[in-house]
Amino acid sequence: MTTKKREPLDRRRVADAALGLLNEVGLDGLTLSAIGRELGVKAPALYWHFKDKQALLDEMATQMYRRMVADVALDPADSWQDRLRKSNHGLRQALRGYRDGAKVFSGSRFTGMDHAVQMEENLRLLTAAGFTLGQAVRASATTYLYTIGFVTEEQGVEPRPDEPRDGFDLADRARRMADFPLSAAAGAAIFADYERHFTDGLELVIAGVTARYGID
């Protein structure tokens, strides 16, 4: 009789299990006990690797980032505008791959230095285009924060792509806001066609960066 040796736990394995479970239960349901059950261990075993849930979220965000950059090719010939477009469209796509992905990512701190490679490339491209380092940081950070905030709101309505939250209905919203006709009609622009909404907003931010710093 043979027995299958259990794969040892490590930070990556725990984070991978947590990311898989996230799509089923969302961030609120993602407890160490639930992750332990998924891995076939007791929750206290996870504390050998993570001191608390935030430490786990930091590792999950790091894993999300690693998967994202593995699928995004950056062209050294990009203009600074195209680089910001590619980076933020790629970030949005990655976050939407997980239920509550933006909430996991927001406020987390990467546990490795993987992000420094792309960050260095982006800052080098922007400063070569004429930005000071401070301006390049602000341009990058502002588009990044726009994307995080947008996807957080987007996932409040569609936790997963094309899967509306239970109880959310645009027609019902319009009926309830009938006394405010412009606000009622605005619902279709706010809570639908998220791809166009995101793209238009990102272009507004990039246009604002151009106007602020005078760099085409």
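Throughout this document, residue positions are counted from 1 along each chain, in the order its sequence is written. Restriction of local features to residues with pLDDT of at least 70 applies here, the model being predicted, together with a cutoff of 80 or more for giving and counting side-chain atom pairs; totals for whole chains, interfaces and linings are based on all residues. The basis for every side-chain value is the complete set of heavy atoms in the structure, and neither hydrogens nor water enter the calculation.

- With an unreviewed UniProt entry as reference, the protein is termed Transcriptional regulator, TetR family, source organism Actinacidiphila alni.

**What about the layout of surface pockets?**
Then comes step 1: Cavity means a closed set of points on a 1 Å grid over the protein atoms alone, one where a 1.4 Å probe fits but cannot get out, pocket means an open set with protein on both sides within 12 Å along at least 5 of 7 lines, and lining means a residue has an atom within 4 Å of a point. Grid points are joined across faces, edges and corners, and a volume is the space filled by probe spheres set on the points. Computed from the structure, the largest pocket encloses a volume of approximately 680 Å³.
Then comes step 2: Around the largest pocket, the lining is made up of 23 residues, and of these Phe-110, His-115, Met-119, Ser-140 and Tyr-144 lie nearest the centre.
Then comes step 3: Helical segments are the DSSP runs of H or I of at least four residues, strand segments are the runs of E of at least two, and each set is numbered from the N terminus. Looking at the lining of the largest pocket, the elements with two or more residues in it are helix 3 (53–70), helix 4 (80–95), helix 6 (114–128) and helix 7 (133–157).
Then comes step 4: The dominant element in the lining of the largest pocket, judged by the number of residues it contributes, is helix 7, at six residues.
Then comes step 5: Residue polarity is assigned by list, with Asp, Glu, Lys and Arg as charged and Ala, Val, Leu, Ile, Met, Phe, Trp, Tyr, Cys and Pro as nonpolar; anything else, Gly included, falls into the polar class. Partitioning the lining of the largest pocket into residue classes produces 13 nonpolar, nine polar and one charged.
Then comes step 6: What the second largest pocket holds in volume is close to 200 Å³.
Then comes step 7: Considering each element in turn, the lining of the second largest pocket owes the most residues, three residues, to helix 7.
Then comes step 8: A per-class count over the lining of the second largest pocket returns two nonpolar, three polar and seven charged.

**A look at the packing of helix 4 against helix 6**
Then comes step 1: Between helix 4 and helix 6, the shortest axis-to-axis distance is 9 Å and the interhelical angle comes to 155 degrees. One way to sum up the angle between helix 4 and helix 6 is to call them roughly antiparallel. By crossing handedness, the relation of helix 4 to helix 6 is classed as left-handed. Contact residues: helix 4 offers Trp-80, Arg-83 and Ser-87, while helix 6 offers Gln-118, Glu-121, Asn-122, Leu-125 and Leu-126. As a rule, the C-alpha atoms of each element are fitted with a line to give its axis, helices using only the stretch in contact, and angles between N-to-C directions run from 0 to 180 degrees. Here roughly perpendicular refers to angles of 65 to 115 degrees, roughly parallel to angles under 35, roughly antiparallel to angles over 145, and oblique to all remaining angles. Left-handed describes a crossing whose near helix is turned anticlockwise from the far helix through less than a right angle; right-handed describes the clockwise counterpart. We call two residues contacting when some pair of their heavy atoms lies within 4.5 Å.

**Comments concerning the UniProt feature "domain: HTH tetR-type" (unreviewed entry) in the protein**
Then comes step 1: UniProt positions are given in the numbering used here, feature names are shortened, and annotations may be inferred rather than shown by experiment. Mapped onto this numbering, the UniProt entry gives "domain: HTH tetR-type" (unreviewed entry) at residues 8–68.
Then comes step 2: Here residues 8–68 is 64% helix and 0% strand, with 26 Å between the C-alpha atoms at its ends.

**Comments concerning the packing of aromatic side chains**
Then comes step 1: Pairs were defined over the aromatic rings of Phe, Tyr and Trp, the Trp ring being its six-membered one, requiring ring centres within 6.5 Å. Orientation was assigned from the angle between planes: stacked under 30 degrees, edge-to-face over 60, tilted for the rest. Inspection of the entire model under this criterion finds eight aromatic pairs.
Then comes step 2: Ring plane angle 80 degrees and centroid distance 6.0 Å describe the contact between Phe-131 and Tyr-213, whose orientation is recorded as edge-to-face. Here Phe-131, found in the loop between helix 6 and helix 7, pairs with Tyr-213, found in helix 10 (residues 194–213); they are 82 residues apart in sequence, far enough to count as distant.
Then comes step 3: Ring centres 5.4 Å apart and planes at 20 degrees place the aromatic pair Tyr-146 and Phe-198 in the stacked group. Of this pair, Tyr-146 sits in helix 7 while Phe-198 sits in helix 10, placing them 52 residues apart in sequence. Each member of the pair, Tyr-146 as well as Phe-198, carries the same accessibility label: buried.
Then comes step 4: Put simply, the rings of Tyr-146, Phe-150, Tyr-194 and Phe-198 touch in pairs and so form one group of aromatic residues. Relative accessibility decides the category of a residue: with a 1.4 Å probe and only protein chains considered, values under 20% of the type maximum give buried, values over 50% give exposed, and everything between is partly exposed.

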